[in-house]
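Architecture at a glance
Single-letter residue listing:
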Amino acid sequence: MKPTTAPFPATRLRRLRRTAGLRDLVQENTVTPADFIWPVFVRDGEGVKEPIPSMPGVFRLSVDLVVEAAREAHVLGIPVICLFPYTDPALKTEDCAEAWNPENLSNRATRAIKEAVPDIAVMTDVALDPYNINGHDGFVEDGYVVNDRTVEALVKQALSQAAAGADIIGPSDMMDGRIGALRNALETEQYHNVALLSYSAKYASGFYGPFRDAVGASGALKGDKKTYQMNAGNSDEAMRLIERDLQEGADMIMVKPGMPYLDICRRAKDMFGVPTFAYQVSGEYAMLMGAAERGWMDGEKIMMESLLSFKRAGCDGVLTYFAPAAARLLNG
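Here's a quick rundown of the structure. (Residues numbered from 1 in each chain as written. Predicted model: local features only at pLDDT ≥ 70, side-chain atom pairs only at ≥ 80, totals over all residues. Heavy atoms only, no water.)

**A closer look at helix 5 (residues 178-188)**
Threshold: Throughout this description, buried means an accessible area under 20% of the type-specific maximum (1.4 Å probe, protein chains only), exposed means over 50%, and partly exposed covers the range between. Going along the chain from the N terminus, every DSSP run of H or I of four or more residues is numbered as a helix, and every run of E of two or more is numbered as a strand. By arc we mean the arc of the directions from the helix axis to the C-beta atoms, nothing more. In what follows, a contact means two residues having at least one pair of non-hydrogen atoms within 4.5 Å.
Within helix 5 the residues assigned to the buried category are Arg178, Ile179, Leu182, Arg183, Ala185 and Leu186. The buried residues of helix 5 occupy an angular sector of 165° when projected down its axis, which confines them to one face. Looking at the buried positions of helix 5, the neighbouring elements they touch are helix 4 (148-164), strand 8 (168-171), strand 9 (195-202) and helix 7 (236-248). Looking at the residues trailing helix 5, positive phi occurs at Gln190, about 70°.

**Quick look at the side chain of Lys225**
Stated precisely, the cut-off is as follows: Polar contacts, as counted here, are pairs of nitrogen or oxygen atoms within 3.5 Å of one another; within protein the pair requires one atom able to donate a hydrogen and one able to accept it, and residues that are adjacent in sequence qualify only if both atoms are side-chain atoms.
Residue placement: Lys225 occurs in the loop between helix 6 (209-214) and helix 7. Given the relative accessible area of 6%, Lys225 is considered buried. Looking at Lys225, its side chain comes within polar contact range of the side chain of Asp137, at 2.6 Å. Once residues lying within four places of it in the same chain are set aside, the contact partners of Lys225 are Asp129, Gly135, His136, Asp137 and Arg212.

**Describing the pattern of salt bridges**
Stated precisely, the cut-off is as follows: Each reported salt bridge corresponds to a side-chain nitrogen of Lys or Arg within 4 Å of a carboxyl oxygen of Asp or Glu.
Taken as a whole and judged by the stated rule, the model has 20 salt bridges. Here Arg60 and Glu50 are joined by a salt bridge, their closest N and O atoms 3.1 Å apart. With Arg60 in strand 3 (residues 59-62) and Glu50 in strand 2 (residues 49-51), the pair connects residues that are 10 residues apart, well separated along the chain. Note on Arg60: relative accessible area 9%, which makes it buried. Through salt bridges with shared partners, one network takes in Asp173, Asp176, Arg178, Arg244 and Asp245.

This is the structure in structure tokens:
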């Protein structure tokens, strides 16, 4: 039954906004460092901290510095660090074999983190674009990204990540049937406790540009990704994709991008009630940071307000490049 509110002046809703203590007392949603997954870019070398011009304050880090980032995350109370490799262009091929090389950047970084900071969870990305000379998430045949052959490769990639010690595998490729194939393979190979956080509703978006710069995929990409990533005009389709992925064995689901698709987050949480995440993607981060750097907005305020919007929309957590800055602020 819907609660009734007494008419004014018996009800003055401003009464509970009068002081900071009262506002805190009745706040409906909060953000803590435990809500964050921190995406980190890893590259070859040692002692390398390479700035990404389109993402102010974000760097490509060599494996040794990624380990230091994981230590920092653990101290700050961030529970998960997510790895994205910047692959040497010479290793990008048509067959994408580097994707399941046990010694690729992602796998080396995973092992190094789990050895140094065993209590932090490592999430890895399953998709072929960091290794594909064509820049796509799957194999390209006659100009089209093929599904079933790609899924076979994704299974090999995921198994190599599980062997390296990944706690969470994030399939971001948007191929049909890949969650079922991945879950079956992980179970068959006795990786029973590796979680799947599926990018179930990943839209073909203009907000990914800085990320593609960060992983070196911008120049390689031929065409666009609209044949496998979602149409921005669709909402019901997102629910169908999420339902399918859950039926196939996904443990958690992701909406990507984040802020432009908060309605999808809300619908997903209301409809399925499962652990729901959003990715505050590179373009969202760059947009807010660019405005803050120019003094157009208060950087800390818009950072925290943006993160709170995900919790209000029903998300259990968020992948965000703001994770360490926000955690430091929250920790005082």
